[in-house]
Structures are given as C-alpha cells and as structure tokens.
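What follows is each chain in one-letter form.
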Amino acid sequence: MKIYLLAVGTRMPEWIKAGYAEYAQRLPRECALNLIEIPAGKRALRAGAARALREEGERLTAAIPPGSRPIALDERGQQWSTAELAEQLTGWLRDGRDLSLLVGGPDGLDAPCRARADRLWSLSRLTLPHPLVRVVVAEQLYRAWSVLQHHPYHRA
C-alpha cells in the first residue's frame, strides 16, 4: 500500500520539509508515504478565498490516484487516539488499496472535495497551520506503524 499525502502549497519552509522527511523516510515500503504538492489557488481581493478554495479542491480531486481511498483531513472529521489510528492503519493495510490523504490550504477544503472523501479525519480540535499538518500526519502515521510493530518509539 502507498499512502499519498496530497497537500495544498508548494513553497514550504525548510523546517516543514525536514520534519516531514524525517518521519516519511522512517515508514517502511508497505506503507510508504508520498507527498504530492498541489498549487494553491490565487487569492485576490475581488475573487477572494471562495474561488481559490474551489480551484484547490478541483486540483486535489484530480490528483487522487485511481483506485485509492481518499481521506480528507478536516476539522469536522473524526478524531482518533494513537491506538485508534493504529487500528485504522491495520485496516488500510489489510484492504491493500492505496490511501490518499487530502490536506487543504489556508481556507481548508471545499465541500465537493470533502464529499469525495470516504471519511473525514480531524487531527485535533485545535486549528493547525496547513503546512504543519504535513509533519503531524507523517509523525502520527509513523507512530501508528511503530505501535503495530511493537517498536519502542511509542511510549504510552
């Protein structure tokens, strides 16, 4: 199974790139994490965020690899504990289909993009900056994998 992280934004600070890379490279081939950056929509005074949000949603939806299961990261989604995420990862690995995690830009995900997802996942009740979500997702997937492997990384 491949996990695709489809994330809006193409120019991230070096610390975001390094944090993401640190955890993504720790994941094994059976759940490899692959970043696909989606260009952000243009935000202008008149057109505003609504058009940019729609454009980003269209680009995200178009970038979902055929046959993969889309999961949208959204504040309205279900929150999972580490143990629950490990259970989800077990199910995804058993299913065998690739997974596409959709991360919106500064204004989130548009409604059609959320509707396209099989489910919504919320990382936290906190509002996180969208670049930071890349690092948090990579770390949490690695943590869930380490739980499944009885690796000492997760100490709870």
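Here goes a summary of the coordinates provided.

What counts and what doesn't
Residues numbered from 1 in each chain as written. Predicted model: local features only at pLDDT ≥ 70, side-chain atom pairs only at ≥ 80, totals over all residues. Heavy atoms only, no water. Helix = DSSP H or I, 4+ residues; strand = E, 2+ residues; numbered from the N terminus. Buried < 20%, exposed > 50% of the residue type's maximum accessible area, 1.4 Å probe, protein only. Polar contact = N/O pair within 3.5 Å; in protein donor to acceptor, adjacent residues only side chain to side chain. Contact = heavy atoms within 4.5 Å. 1 Å grid on protein atoms, 1.4 Å probe; cavity = no way out; pocket = protein on both sides within 12 Å on 5 of 7 lines; lining within 4 Å. Points joined across faces, edges and corners; volume = space filled by probe spheres on them. Nonpolar A, V, L, I, M, F, W, Y, C, P; charged D, E, K, R; others polar.

## Re the side chain of Ser122
Step number 1: Mapped onto the elements of the fold, Ser122 is located in the loop between β5 (119–121) and α5 (130–148).
Step number 2: The buried category is assigned to Ser122, whose relative accessible area is 1%.
Step number 3: Engagement of the side chain of Ser122 in a polar contact is seen with the backbone oxygen of Ser124, the distance being 3.1 Å.
Step number 4: Setting aside anything within four residues of it in sequence, one finds Ser122 in contact with Asp74, Glu75, Gly77, Gln78, Gln79 and Trp80.

## Things to note about the layout of surface pockets
Remark: the empty space left among the atoms is shown by a probe the size of a water molecule rolled over them.
Step number 1: Of the pockets and cavities examined, the largest pocket occupies roughly 460 Å³.
Step number 2: The greatest single-element share of the lining of the largest pocket, amounting to 4 residues, is contributed by strand β3 (residues 69–78).
Step number 3: Counted by class, the lining of the largest pocket contains 10 nonpolar, 7 polar and 6 charged residues.

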